[in-house]
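# Overview (structure and organization)
Listed below are the residues making up each chain.
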Amino acid sequence: MPTHTLKTAVIALGSNLQNPAGQVEAALKAIAAHDQIELQQASSLYITAPIGYADQPDFVNAVCIVTTTLSGKDLLAVLNGIEQAFGRKRSFRNAPRTLDLDIIDYNGEFSEDPHLTLPHPRAHERGFVMCPLAEISPDYVIGNYGTAKELAVRTGSADIRILKNDQTQKAV
């Protein structure tokens, strides 16, 4: 059997239905439980306003960094399977969801594949991704856009709050 090189990936997690914080925490456990994925770091949980379709509950978001022997497409398939197991329905763009898992970066690779665009095409514009990533890895570089910390500052954190023990505080 060939040996597979470990790759590093950044995964964004989000939920705004059916106990969103519980959904995100359970998804982190499901990711960590996969035998070809090792959870390296996970951010705090953040509360953020919806983007695009505003008539829905706020989201709970987080970011994790994993190492894996899976290819980017295989990792995406695993994440899609986890979403499905959590009852994800894809009704329309920016719809409410039980769970959303996105690969933000896969080992610094660039891809324009329609199924897996890398780095994620809008992550660098989204504070709800960059603030959690900056919390756990401020110097992580996203494509040609900059570091997580630089991008978090650029996107801002005015509407992003850290969830702590059923209380919230403003993200810094």
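Here, every reference points to the structure presented above.
Bear in mind the structure is a predicted one, so any value in this text is a computation, not a measurement.

### Overview of the overall build of the protein
Within the protein, the secondary structure is distributed over four helices and eleven strands. Of all 172 residues assigned to the protein, the portion counted as buried reaches 48%. Looking at the protein alone, contacts between residues at least 24 apart form 65% of all its contacts between residues at least 6 apart. Total accessible area computed for the protein in this model is approximately 9,100 Å², and 50% of it derives from carbon and sulfur atoms.

### Structural notes on helix H3 (residues 127-136)
Among the ten residues in H3, nine count as buried, and that is most of the element. Those residues of H3 that sit buried are Gly127, Phe128, Val129, Met130, Cys131, Pro132, Leu133, Ala134 and Ile136.

### Focus: the pattern of salt bridges
Two side chains bearing opposite charge may form a pair once their charged atoms approach each other closely. Under the counting rule described, the total for this entry stands at one salt bridge. Two residues, Lys73 and Asp113, come together in a salt bridge whose shortest N-O distance is 2.9 Å. Here Lys73, found in helix H2 (residues 72-85), pairs with Asp113, found in strand S6 (residues 111-113); they are 40 residues apart in sequence, far enough to count as distant.

### Brief notes about the nonpolar core
Formed by 27 residues in total, the largest nonpolar core has its most connected members in Leu13, Ile31, Leu75, Leu101 and Ile103. Discounting residues that sit within four places of it in the chain, Ile103 has contacts with Val10, Gly72, Leu75, Leu76, Leu79, Leu116, Leu118 and His120.

### Some remarks on the environment of Pro121
For Pro121, the location among the structural elements is in the loop between strand S7 (116-118) and H3. Residue Pro121 is classed as partly exposed on the basis of its relative accessible area of 35%. Separated by 22 residues in sequence, Pro121 and Gly143 place their C-alpha atoms 9.7 Å apart.

### Focus: the environment of Thr155
Along the chain, the position of Thr155 falls in helix H4 (residues 148-155). Under the relative-accessibility criterion, Thr155 is labelled partly exposed at 25%. The spatial distance from the C-alpha of Thr155 to the C-alpha of Cys131 is 8.6 Å, given a sequence separation of 24 residues. Ignoring any residue separated from it by four or fewer positions in sequence, one finds Thr155 in contact with His124, Glu125, Arg126, Gly127 and Met130. There is a polar contact of 3.2 Å between the side chain of Thr155 and the backbone oxygen of Ala152.

### Some points on the packing of H3 against H4
Look at H3 against H4: their axes get within 8 Å of each other, and the N-to-C directions meet at 140 degrees. Considered as vectors, H3 and H4 are oriented oblique to each other. Considering the relative orientation of H3 and H4, their crossing is left-handed. Here H3 contributes Gly127, Met130, Cys131, Leu133 and Ala134 to the contact with H4, which in turn contributes Ala148, Lys149, Leu151, Ala152 and Thr155. In the contact of H3 with H4, the residues fall into seven nonpolar, two polar and one charged.

### Considering unusual backbone geometry
Geometrically, the link from Leu118 to Pro119 is a cis peptide bond, its omega value of -10 degrees lying close to zero. Of note, Pro119 is situated in the loop between S7 and H3. Although it is not a glycine, Asn19 sits at a positive phi angle of roughly 60 degrees. Along the chain, the position of Asn19 falls in the loop between strand S1 (7-15) and helix H1 (20-33). In the Ramachandran plot, Asn107 falls in the positive-phi region, its phi being about 55 degrees despite a non-glycine side chain. Within the secondary structure, Asn107 sits in the loop between strand S5 (100-106) and S6.

Criteria and thresholds
Residues numbered from 1 in each chain as written. Predicted model: local features only at pLDDT ≥ 70, side-chain atom pairs only at ≥ 80, totals over all residues. Heavy atoms only, no water. Helix = DSSP H or I, 4+ residues; strand = E, 2+ residues; numbered from the N terminus. Buried < 20%, exposed > 50% of the residue type's maximum accessible area, 1.4 Å probe, protein only. Contact = heavy atoms within 4.5 Å. Areas by Shrake-Rupley, 256 points an atom, 1.4 Å probe, with all protein chains shown as cover. Salt bridge = Lys/Arg side-chain N within 4 Å of Asp/Glu carboxyl O. Core = buried A, V, L, I, M, F, W, Y, C linked by side-chain atoms within 4.5 Å. Polar contact = N/O pair within 3.5 Å; in protein donor to acceptor, adjacent residues only side chain to side chain. Axes fitted to C-alpha atoms, helices over the stretch in contact; angles between N-to-C directions. Parallel < 35°, antiparallel > 145°, perpendicular 65-115°, else oblique. Left-handed = near helix turned anticlockwise from the far one by under 90°. Nonpolar A, V, L, I, M, F, W, Y, C, P; charged D, E, K, R; others polar.

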